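# Report on the structure
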Amino acid sequence: MAAAARSVPADPPHIPVLLRPLLEAVSPVTGLWLDGTFGAGGYSRGLLDAGADRVIGVDRDPSVADLAAPWAGAWGDRLRLVEGVFSDLDRHAEAPLDGVVLDLGVSSMQLDQAERGFSFAKDGPLDMRMGAEGMSAADLVATASEAALADILFHYGEERASRRIARAIVKARTVAPIVTTAQLAEVVARCLPPQRPGQSHPATRSFQAIRIAVNDELGELVAGLEAAERALNPGGKLAVVTFHSLEDRIVKRFLQVRSGQAAGGSRYAPEAKPEPARFDLLTRRAVAPDPAELDANPRARSAKLRVGGRTDAPAGPVDRGLLGLPKIMED
């Protein structure tokens, strides 16, 4: 095993965020792990180096297997790649898991590929799909009602000018289809004050919101957390890295609810029977990048890590109403 580890190239094309504190929080790393957002393989490599016997790498992006081909084979049967969504992770695992890692949101390599349509920094087709199927961002922008677009921008992007932007998108698409990232970024930017030095691009929140809607990222997240609860061995670890407040709030509330730490319900409702804790909180607060990591990787600035440890209580249904999922208008 040691020889295989040494033969793997040392420099991955993507810097995994919060890898060191993640490995410290889940130590010791042993047994079977599942990396539900394989991407460029940074977390999977880190887990294998740290002592995992085997890692199952799952990703909905069909291109990741080709990107991993030059180095993945060096790990032999210790690394298995699966094309799929992490909401099905309990089906992808061939046995109960000792750990699950989820790195949410869009990866650096996806942002850097103009043809994927995730970023306004590089003009490309307005796609934003993490997988190869389903509705693209161009389809959403072309067909969603003004009210639905405003809802998506407000709830998923926390964009205060959501109604103004939705109105502008609907008006612009009557003139010409919005099919590129540059077109959409221009429509959004015209609705907001000019970008000042040090500020994010005016379209940042809108692009985030549309990407989340296209990929049903928050629904996938909740389903993935539920699947992790079903798949983990007692004592198994669940580590989740988030990049914006919506994701972090859902992960935080899930771990609170499943550890018995969530606040009670209405004072007018009858007292609910306490359920057994399915997780222990291994990080009482979210772990953020330290200054050294931020210097090395500025994209890590909004990242937060939360970790839970699975108890021996059987998995059970989750009240999704307690997790803070936004309610989006449907056309």
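Residues numbered from 1 in each chain as written. Predicted model: local features only at pLDDT ≥ 70, side-chain atom pairs only at ≥ 80, totals over all residues. Heavy atoms only, no water.

Our focus in this paragraph is the overall build of the protein. The helix and strand inventory of the protein stands at 14 helices and seven strands. For the protein, the residues scored as buried account for 50% of the 331 residues in total. Within the protein, contacts between residues at least 6 apart in sequence are counted, and of these 71% link residues at least 24 apart. A total of about 16,200 Å² of accessible surface is found on the protein, and carbon and sulfur atoms cover 52% of it. (Helix = DSSP H or I, 4+ residues; strand = E, 2+ residues; numbered from the N terminus. Buried < 20%, exposed > 50% of the residue type's maximum accessible area, 1.4 Å probe, protein only. Contact = heavy atoms within 4.5 Å. Areas by Shrake-Rupley, 256 points an atom, 1.4 Å probe, with all protein chains shown as cover.)

What follows concerns unusual backbone geometry. Most peptide bonds take the trans form, and the phi angle of most residues other than glycine is negative. In this chain, Ser 27 is followed by Pro 28 through a cis amide linkage whose omega measures 0 degrees. With respect to the secondary-structure elements, Pro 28 resides in the loop between α2 (19-26) and β1 (32-35). Positioned with a positive phi, Leu 18 is a non-glycine residue whose angle comes to about 60 degrees. One non-glycine residue, Met 128, lies in positive phi territory at about 70 degrees. By the element assignment, Met 128 lies in the loop between α6 (108-111) and α7 (137-143). Take Met 128: its relative accessible area is 0%, and that puts it in the buried class.

Let's shift gears to the packing of aromatic side chains. Here a ring pair, both rings aromatic, is described through the centre-centre distance and the interplanar angle of the planes. All told, the structure shown has two aromatic pairs when counted by the stated rule. Seen from their ring centres, Phe 38 and Trp 71 are 6.0 Å apart, and the 20 degrees between their planes marks the pair as stacked. Here Phe 38, found in the loop between β1 and α3 (42-50), pairs with Trp 71, found in helix α4 (residues 64-72); they are 33 residues apart in sequence, far enough to count as distant. Here Phe 38 matches Trp 71 in class, with each residue buried. Consider the rings of Phe 254 and Phe 279, whose centres lie 5.9 Å apart with planes at 65 degrees: the pair is edge-to-face. Here Phe 254, found in helix α13 (residues 245-258), pairs with Phe 279, found in strand β6 (residues 279-281); they are 25 residues apart in sequence, far enough to count as distant. Assessed through its relative accessible area of 1%, Phe 254 is described here as buried. Owing to a relative accessible area of 1%, Phe 279 belongs among the buried residues under this scheme. One residue, Arg 45, lies across the ring of Trp 71, its end atom 3.8 Å from the ring centre. Positioned over the ring face of Phe 279 is Arg 310, at 5.8 Å from the centre of the ring. (Phe/Tyr/Trp six-rings, centres within 6.5 Å; stacked < 30°, edge-to-face > 60°. Lys NZ or Arg CZ within 6 Å of the ring centre and 35° of its normal.)

Further remarks concern the confidence of the model for the protein. Mean pLDDT over the protein works out to 88, with 88% of the residues at or above the 70 mark. Confidence over residues 1-13 falls short of pLDDT 50; this stretch has 13 contacts with residues more than four positions distant or in other chains. (pLDDT = per-residue confidence, 0-100.)

Glancing now at the sheet that holds strand β5 (residues 232-242). Strand pairing in a sheet relies on backbone hydrogen bonds, with the paired strands running either antiparallel or parallel. Spatial strand order, β3-β2-β1-β4-β5-β7-β6: seven strands in an open sheet with mixed pairing. Looking at strand neighbours, the two that pair on one side only are β3 (79-83) and β6, the edges of this open sheet. Shown here is a sheet whose adjacent strand axes are inclined to one another by a mean of 20 degrees, direction ignored. One ladder, built from six bridges, connects β5 with strand β7 (residues 304-310); its direction is antiparallel. Bridge assignment links Leu 238 to a residue of β7, and that residue is Gly 308. (Pairing = 2+ DSSP bridges. Axes fitted to C-alpha atoms, helices over the stretch in contact; angles between N-to-C directions.)

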